[in-house]
Amino acid sequence: MDYYREIKEQIINNEITKNIKDYSKNRSNLNTYYNIGKLLSKAGKHYGEGIIKEYYRKLTNELGKGYNTTTLKRMRKFYTVIEKGATLWHQLSWSHYRILITLNSIDEINYYGNISVKELYSVRQLYEIIKSNEYERLPIEKKSKLIYNGNFKVDYSIKNPILIKAGKSNFKISEKVLQKFVLENIESFMKELGNNFSFIS
């Protein structure tokens, strides 16, 4: 028996399982913040800008800390930029989007978002490339190639969102680990698929 190989496989499978769960949780967070942003945007049109402060007070009283006016305004801005054409990458975290939504244009947001997904950039790495003005330094002809009919050309050859980096290597999910995760979370998995699906064991 190759004990080292077995130990390594156990570690990798555990890392993959954690990453799948993190991805699912992050997807849920982003969808929730988008929906909250949409509701805040609609509420603002009906009741004015002051509604965010009112909701902040109510949420703090009923749910505790974590939903201050700054956070609620960020969620509204998040919704706005996605509606204007920014791509919603579930591979990126809320911390990534907190940086991206401060940028001036949708093209810029999509450029940095796309490259962050392709290169698996951490929040710090994203911050550094934005700070270096990488997008602004692109030649005009290269920028124009990134745009197609006003929309960013997303590179769909990006790495698998559930691909993990462990040490110096990337690892794909084994069917066994994926099956285990799906069966442990069958209800949320079926919701991800949408309507008209059923599970038969």
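Everything in this summary refers to the structure shown in the same document. (Residues numbered from 1 in each chain as written. Predicted model: local features only at pLDDT ≥ 70, side-chain atom pairs only at ≥ 80, totals over all residues. Heavy atoms only, no water.)

### A few points about helix 5 (residues 106–119)
Quick reminder of the rule: Under the scheme used here, helices are H or I runs from DSSP no shorter than 4 residues and strands are E runs no shorter than 2 residues, and both carry numbers assigned from the N terminus. Given a helix with a known number of residues, its expected span is that number minus one, times 1.5 Å. Accessibility here uses a 1.4 Å probe with only protein chains present; expressed as a share of the type maximum, an area under 20% marks a residue as buried, one over 50% as exposed, and anything in between as partly exposed.
Its 14 residues give helix 5 an end-to-end C-alpha distance of 20 Å, which sits within 8% of 20 Å, the value for a rise of 1.5 Å per residue. Burial within helix 5 is extensive, with ten of its 14 residues counted as buried. Downstream of helix 5 by one or two residues, Leu120 has phi in the positive range, about 55°.

### Details of the packing of helix 2 (residues 51–63) against helix 3 (residues 69–83)
A pair of packed helices is characterised by two quantities: the angle between their axes and the separation of those axes. Using the following cut-off: As a rule, the C-alpha atoms of each element are fitted with a line to give its axis, helices using only the stretch in contact, and angles between N-to-C directions run from 0 to 180 degrees. To sort the angles, those under 35 degrees are grouped as roughly parallel, those over 145 as roughly antiparallel, those from 65 to 115 as roughly perpendicular, and the leftovers as oblique. Crossing chirality is assigned from the near helix's rotation relative to the far helix, an anticlockwise turn below a right angle marking it left-handed and a clockwise turn marking it right-handed. The contact criterion used throughout is that any non-hydrogen atoms of two residues lie within 4.5 Å. For this classification, the nonpolar set comprises Ala, Val, Leu, Ile, Met, Phe, Trp, Tyr, Cys and Pro, the charged set comprises Asp, Glu, Lys and Arg, and every other residue, Gly included, is treated as polar.
Two elements in contact, helix 2 and helix 3, have axes whose closest approach is 9 Å; the angle formed by their N-to-C orientations is 120°. The orientation of helix 2 relative to helix 3 falls into the category oblique. Here helix 2 and helix 3 pass one another in a crossing that is right-handed. Side by side, helix 2 and helix 3 meet where Ile52, Lys53, Tyr55, Tyr56 and Leu59 of the first sit next to Thr69, Leu72, Lys73 and Arg76 of the second. Of the residues that constitute the contact of helix 2 with helix 3, the class distribution is five nonpolar, one polar and three charged.

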